[in-house]
Amino acid sequence: PMMVLLRRASILMTMLLEKWMLGSDPSKTVQLSVGLMLGGALVAALGDLSFNLFGYIVIFFDDVFTALNGVILKRTAEEYRKSKMTVLYLNSLLSAIGVTCIILMKPGEVERVQNFPLWTESGFVVYLVFASLLGSVLNLAIFMCTSTNSALTTTVVGCLKNVLTSYIGMFVGGDYVFSWLNFLGINISIAGSLVY
């Protein structure tokens, strides 16, 4: 549940980046709902009895890149009037280049990928291809949502889809440490999402 809540910081970052890069002016209701989402996440973090600094840092950088991706995607769609497929192709190409660089920088990683034992199993290959295709469909859906609405709406919807995950995560997995402060924060943050 804490990971899901800390991802809500991307909503504030997206709202601020949209204001700065796109000149948008969110309504008071939007600002209030974003404040509730982030405020609830902060209250929940104060009551987090399983604090993990490294995990929080990783989620922070994920939030930054999520916000940048959404706003740049919206700006590209509006400013350059490129087709959806061109923007998605360039996004995928840049991602592939980045992942390739990371793999090449890590010693022995190429060999581990080449020697992965499941490459010869057809079931694994089918699942890998299917997952890759679904990733492309997801990217298209995110792009269409962002170009039709706003980067902020796409980010809020991304967090809102995790409401059920937050509650289920309290009972499944065994890593949630209950505290009333944390539980209150989770509910405040989710209420903010529903207000939006």
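Right above here is the structure, for reference.
Residues numbered from 1 in each chain as written. Predicted model: local features only at pLDDT ≥ 70, side-chain atom pairs only at ≥ 80, totals over all residues. Heavy atoms only, no water.

Visitor: Which parts of the structure should I look at to understand the packing of aromatic side chains?
Guide: The relation between two aromatic rings is expressed through the spacing of the ring centres and the mutual angle of the planes. Counted by the stated rule, this structure contains seven aromatic pairs. Judged by centre distance (5.6 Å) and plane angle (75°), the ring pair of F60 and F61 falls under edge-to-face. The partly exposed category is assigned to F61, whose relative accessible area is 45%. Between F178 and F183 the ring centres are 5.7 Å apart and the planes differ by 45°, which places this aromatic pair in the tilted class. The exposure class of F183 is partly exposed, given its relative accessible area of 25%. Aromatic rings pair up to connect F116, W119 and F124 into one cluster. (Phe/Tyr/Trp six-rings, centres within 6.5 Å; stacked < 30°, edge-to-face > 60°. Buried < 20%, exposed > 50% of the residue type's maximum accessible area, 1.4 Å probe, protein only.)

Visitor: Help me understand the packing of helix α2 (residues 9–22) against helix α4 (residues 53–79), please; the structure alone is not making it clear to me.
Guide: Two quantities define a packed helix pair, namely the angle between the axes and the distance from one axis to the other. Where α2 contacts α4, the axes come no closer than 8 Å and their chain directions differ by 35°. Note that α2 runs across α4; the crossing there is right-handed. Residues A9, S10, M13, T14, L17, E18, M21 and L22 of α2 touch α4, and the partners they reach there are F60, D63, V64, T66, A67, L68, V71, I72, K74, R75 and E78. (Axes fitted to C-alpha atoms, helices over the stretch in contact; angles between N-to-C directions. Helix = DSSP H or I, 4+ residues; strand = E, 2+ residues; numbered from the N terminus. Left-handed = near helix turned anticlockwise from the far one by under 90°. Contact = heavy atoms within 4.5 Å.)

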